[in-house]
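Commentary on secondary and tertiary structure
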Amino acid sequence: MKKGPESGTCMLAAPGSLVESDPDTNSSNGTSAREKDMLPSPRELENVPVKTSTETSRKKLCGYLNKLGIKGPIKTWKSRWFFYDENKCRLLYYRTAQDINPLGSIDLSSASFDCKMENGEGVFEIRTPSRAFTLKAISKQAMMYWLQQLQMRRWEFCNTQSRFPVGSSQLVNEPLAGRTNVVDNEDFLPLVKTPTEAVGLKAASLPAPQTSTALQNISLKHPWTEIQNTVYNICGSKQLWGSNGNVFSFDEFQEHPENVDEEQEAEGAVKEGTLEDGRMGPRLNWIRKARWMNSGFPGSEELLREKNSVDKVSVLQQQILTLTEEVKSQKELVKLLHKALEAAQQEKRVSNMYLTATEDKDRLELVRHKVRQIADLTSRLEALEQEKKELEQILTLRDSHIQELKEHVQLLMEKNHAKQEVIMTLTEQMARELSDPLQEANTITVETLYKQQEEIEHLKDDIDAYKTQNQFLNSEIHQVTRLWTSVAENEKALLMKCACLQARNCQMESKYLTVLRKLQEAVPGLPSSHAELVKNLIQEALQWDVKEEAEEGFNLNPVSEYDEYGFMTVPDYEIEDWKLLAKIQALEIKSNKLRSQEIVEKPLRDRWNSIGELNPCAELKSLIRSGIPVEHRQRVWRWMVSRHCSPAPGHYQRLLEQSRSTEHPACRQIELDLPRTLTNNKHFSSPTSQLIPRLRRVLLAFSWHNPAIGYCQGLNRLAAVALLVLEDEESAFWCLVYIVENLMPADYYSETLITSQVDQRVFKDFLSEKLPRLMAHFEQYRIDVSLITFNWFLVAFVDSLVSDILLRVWDAFLYEGTKVIFRYALAIFKYNEEEILRIHDSVEIYQYLRFFTRMITDGRKLMNIAFNDLNPFPMKLLRNRRSMHREELEAELCELQQIKAAYVKERAEQVPQDLEEVVSEEEEES
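I will try to describe carefully the structure that is included in this document.

Cut-offs and rules
Residues numbered from 1 in each chain as written. Predicted model: local features only at pLDDT ≥ 70, side-chain atom pairs only at ≥ 80, totals over all residues. Heavy atoms only, no water. Helix = DSSP H or I, 4+ residues; strand = E, 2+ residues; numbered from the N terminus. Buried < 20%, exposed > 50% of the residue type's maximum accessible area, 1.4 Å probe, protein only. Contact = heavy atoms within 4.5 Å. Areas by Shrake-Rupley, 256 points an atom, 1.4 Å probe, with all protein chains shown as cover. Salt bridge = Lys/Arg side-chain N within 4 Å of Asp/Glu carboxyl O. Phe/Tyr/Trp six-rings, centres within 6.5 Å; stacked < 30°, edge-to-face > 60°. Core = buried A, V, L, I, M, F, W, Y, C linked by side-chain atoms within 4.5 Å. Pairing = 2+ DSSP bridges. Patch = residues over 30% accessible without salt bridge, like charges linked within 9 Å, V, L, I, M, F, W, Y side chains within 5 Å. Arc of directions from axis to C-beta. Axes fitted to C-alpha atoms, helices over the stretch in contact; angles between N-to-C directions. Parallel < 35°, antiparallel > 145°, perpendicular 65-115°, else oblique. Nonpolar A, V, L, I, M, F, W, Y, C, P; charged D, E, K, R; others polar. Expected span 1.5 Å × (residues − 1). Left-handed = near helix turned anticlockwise from the far one by under 90°. Lys, Arg positive; Asp, Glu negative; His and termini not counted. Charge placed at Lys NZ, Arg CZ, Asp CG, Glu CD.

Within the protein, the regular secondary structure consists of 31 helices and 7 strands. Among the 926 residues that make up the protein, the fraction classed as buried is 38%. Across the protein, the fraction of contacts at a sequence separation of at least 24, relative to all contacts at a separation of at least 6, is 71%. Per element, the accessible surface of the protein, about 55400 Å² overall, is 54% carbon and sulfur.

Structure representation (structure tokens):
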């Protein structure tokens, strides 16, 4: 039988890298004419080009390992030839190095490696998501070499895989730049020297490890693969015997090249050439064939190196034993093939009879015969299955009986061991009694030292094993940590991209709603059909629920119905035209938060987290102006209040007792103002809210604490904000005391509100200086801004700004004082200056000023205007302006008092004269 072009290929180097052959080219009819034309000459074989690349120069990872297999209830070790496929990160295994088809593979891309000391020397495990493989090397060094090489090559394979497809956005790819080619410089495990006797291409030329029986090493799970590999090996062996004339003829043996590594590299380069160009296949096969013919039978290199005839004979005897075992296994395989052939011939004869039958009756009879055979086989199969079940039951009973016997034997062995220990104890006791006491002590000492030395040696071995295992696990953990870090960075990049996209989407929706609002204003001038369409679009926009949309998909910062402190994110305006503005405002807030979340908010939060004890300084002032994060606001507010207002222990409780025992005159006004407090906050919107009674107690306690003020409208809002942030009644009470008695000037909340009026005049001066165009516009249309700003100063912008900006204003207000209120009041007008200047009607200006503070959504921009654009803003100038306007206002009040007194005196003098005139008129009538 002639072999095909693939049969001459040497399979020792890299079984997994062979190109699959066409079944038609492996037929037994000989080589084709095309193959004969492509046969190289001996000179061409010598001049085969060698590919000198880093891939070919790298050593292939292959060698023999024992694999734990399962035959029914029995576990046995089977020798397998393993080869690592670098292209797919798989570990292929064969029965021998000469096989062409693998028995299976192990996917290493998601596998984990483990070596446990208790498993035995050289035993390690490879766990994949679907199965665990137990392998055994010939030594501990070989095991460590395999584990280290698999770990390194698996890591190199994972690094070469791209994380994102080409064309991803720059925002995502920027954090990934420069991370794929990171070289791991940490050396947890020193490089293990290559055990050439068990690993590498040289190990393929050595005889495969022998097993106790001929068929023990054959894989019964892959019979077809075994048959293919066996046929391939038989064809290869016959070709070799035919070329030499005798399998034991050494006359034509030639020496191998001196540099084996270069030959392996050349062969690896040619193999890569076959993968790139399929036409090199026949040429490569004949090159391998020539090398196989020159190398002779496996082991001939050792025979040529041996100079002693006795050594040659021993090598030949070993080869005879190897061939004998191979012949036995091949005979078993031939028997199986004969049986299969007989069955196929029988089937062929029956098919021929069926085809040659002339009448339908004969064919029908043949079909019936087949049906009877099938029924017979079915009954036999059922009988065999029943017999199998019975045998399994018998086997189970025998196993249980064997287990009982083992337990009985174990019990007897334990008894025997106990008896032997008693005998040894008695013997030692007798020896001690008969021997000299000093000699006895020396004997015991020597034995004890010997045992201790043995224990120390065992412990040292255990320590070394645990150290090795620890180093290996540390290396694995380090790589997993790097992978986790890379995934976290990728996730961060994706979150940033998602935030940008969501912010852009919110801006587009806000612009769409703004366009709808403009159309809403122009509805009276539109045709009826267009007006109806605009109304439908506005109605649809108003029915859209921000919260429901946020729950439908993934949102980084969804706009919920309420914020962290219970304020409504979408104001519930009673006027129908303003509801569309509320939607626009909610979208603008969400867009600003998404844009500033990673760029501004996260670095600011990190700076706050790094601050330990709070101390007044320029850095803390800058941080407070930027806004205090929610998780730190309560702590910082308590610190700011305690700096200037020392709480007296028990004072608040005494005030509560006094308010319960005696009714304050302001109690009625407090009860009237409680339902009007923070109606846009869920904690105060209902009379049954939990914070309503607490707010009542805080206001009553303050009214008794400061009888000069008692209660003034506006204090309820200040106390409510303090309760929302500080959460504690007493802390909110002292915060209210700190605002009224320390931050605000005297008489700010008195009956005359004289200082509040002074601040309005001071603010008009600042408005004329900082924003002269806007002030001139107000004077042109006779707009009194104090009608709008008076409430801003009295309650520190509560119910005027959105909650997020309001709390940032309060952060700076509690730390710096009333100067912050002037800064933000000017910044609000600066923020909307151009919009106000475009309005040329006094009524429309007043309507716009009623709600324009609610349309401010960019808190960062407002903060920059307040603390950067309006500089300088010295506190000394503010004090001078206050004192100047206070004198003017007091003079005006005195003049008013004099006019009032003169008027009252004049009215008092006119009353008697009027009475006399009335009496005289009555007398005349009478």
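Turning our attention to the pattern of salt bridges. Per the counting criterion, the structure on display carries 26 salt bridges. In this structure, Glu-476 engages Arg-154 in a salt bridge whose closest nitrogen and oxygen atoms are separated by 3.5 Å. Taken together, the positions of Glu-476 in helix α12 (residues 437–521) and Arg-154 in helix α4 (residues 140–160) put the pair 322 residues apart, joining distant regions of the chain. With a shortest N-O distance of 3.1 Å, Arg-886 and Glu-890 are connected by a salt bridge. Of this pair, Arg-886 and Glu-890 are both found in helix α31 (residues 875–925), 4 residues apart, which corresponds to roughly one turn of the helix. The partly exposed category is assigned to Glu-890, whose relative accessible area is 35%. Each member of the salt-bridge network shares a partner with another, and the members are Arg-773, Lys-830, Glu-833 and Glu-834.

One pair of aromatic rings is described through two measures. These are the centre distance and the angle between the planes. In this structure the tally under the stated criterion is 21 aromatic pairs. Aromatic pair Phe-82 and Tyr-93: ring centres 5.6 Å apart, planes at 40 degrees, arrangement tilted. With Phe-82 in strand β2 (residues 74–85) and Tyr-93 in strand β3 (residues 90–94), the pair connects residues that are 11 residues apart, well separated along the chain. Accessibility assignment for this pair places Phe-82 and Tyr-93 in one class, buried. Seen in terms of ring centroids, Tyr-652 and Phe-733 are 5.2 Å apart; in terms of plane orientation they differ by 45 degrees. Their pairing is tilted. Pair noted here: Tyr-652 is in helix α18 (residues 651–661) and Phe-733 is in helix α22 (residues 729–743), with a separation of 81 residues, a long-range link. Each member of the pair, Tyr-652 as well as Phe-733, carries the same accessibility label: buried.

This part takes up the environment of Val-123. Along the chain, Val-123 falls in strand β6 (residues 123–127). Residues Val-123 and Ser-139, 16 residues apart in the sequence, show an inter-C-alpha distance of 8.9 Å. Apart from residues no more than four positions distant in its own chain, Val-123 is found in contact with Trp-77, Cys-115, Thr-134, Leu-135, Lys-136 and Met-143.

In summary, soluble globular proteins display a tendency toward joint burial of nonpolar side chains. Residues Trp-637, Leu-715, Phe-778, Phe-797 and Phe-829 are the most contacted members of the largest nonpolar core, which totals 116 residues. Residue contacts for Trp-637: discarding those within four places in its chain leaves Ile-628, Val-721, Val-725, Leu-726, Leu-807, Trp-810, Asp-811 and Leu-814. Membership of the second largest hydrophobic core comes to 29 residues, among which are Leu-61, Tyr-93, Cys-115 and Phe-133.

Here we take up the pairing of strand β4 (residues 104–107). The side chains of a regular strand alternate, residue by residue, between the two faces of the sheet. Burial of the side chains of β4 is restricted to one face: Gly-104 and Ile-106 are buried, whereas none of Ser-105 and Asp-107 on the reverse face is. In this sheet, β4 lies alongside β3 in antiparallel orientation, the contact comprising 4 bridges. Looking at the pairing, Tyr-93 lines up with Gly-104 of β4.

The next subject is a nonpolar patch on the surface. A cluster of nonpolar side chains, namely Tyr-354, Leu-355, Leu-364, Val-367 and Val-371, defines an oily patch on the protein surface of about 450 Å² accessible area. Among the secondary structure elements, those contributing two or more residues to the nonpolar patch are α10 (309–356) and α11 (360–434). By residue number, the principal contributor to the nonpolar patch is α11, which donates 3 residues. Inspection of the secondary structure assignment puts Tyr-354 in helix α10. For Tyr-354, a relative accessible area of 36% puts it in the partly exposed group.

An α-helix turns once per 3.6 residues; consequently, residues spaced three or four apart project the same way. Residues of α18 that are buried: His-651, Tyr-652, Leu-655, Leu-656 and Ser-659. One side of α18 carries all its buried residues, which in axial view fall inside an arc of 140 degrees. The exposed set on the far side of α18, more than 90 degrees from its buried face, consists of Arg-654, Arg-660 and Ser-661. Of the surrounding secondary structure, the elements contacted by the buried residues of α18 are α20 (691–705) and α22.

Next up on the list: the packing of helix α16 (residues 618–626) against helix α26 (residues 803–816). Put simply, α16 and α26 touch, their axes get as near as 7 Å, and they point 150 degrees apart. Between α16 and α26, the angle falls in the class roughly antiparallel. Between α16, through Leu-620, Lys-621, Ile-624, Arg-625 and Ser-626, and α26, the contact on the second element is made entirely by Arg-808, Asp-811, Ala-812, Tyr-815 and Glu-816. Considered class by class, the residues forming the contact of α16 with α26 number 4 nonpolar, 1 polar and 5 charged.

Moving on, we come to α4. Taking 1.5 Å per residue, 21 residues should reach 30 Å; α4 reaches 31 Å between its end C-alpha atoms and fits that length. The buried fraction of α4 is high, at 15 of 21 residues.

A word on the packing of helix α27 (residues 819–831) against helix α30 (residues 859–869). Two elements in contact, α27 and α30, have axes separated by 8 Å at closest approach and are oriented at 120 degrees. On the basis of their axis angle, the class for α27 and α30 is oblique. Seen from above, α27 lies across α30 with right-handed handedness. Where α27 approaches α30, its residues Val-820, Arg-823, Tyr-824, Ala-827, Ile-828, Lys-830 and Tyr-831 are matched on the opposing element by Lys-861, Leu-862, Met-863, Ile-865, Ala-866 and Phe-867. Class assignment of the residues belonging to the contact of α27 with α30 gives a composition of 10 nonpolar, no polar and 3 charged.

A separate point is the pairing of strand β7 (residues 132–136). Taken together, the 5 bridges between β6 and β7 define a ladder with antiparallel strand orientation. When the sheet's bridge partners are listed, Arg-127 is paired in β7 with Ala-132. Taking the residues between adjacent antiparallel strands as the criterion, β6 and β7 are bridged by 4 residues.

Our focus in this paragraph is a positive patch on the surface. Positive charge collects at one region of the surface, where Lys-328, Lys-331, Lys-335 and Lys-339 lie side by side. Residue placement: Lys-331 occurs in helix α10. Its relative accessible area of 54% is what places Lys-331 among the exposed residues.

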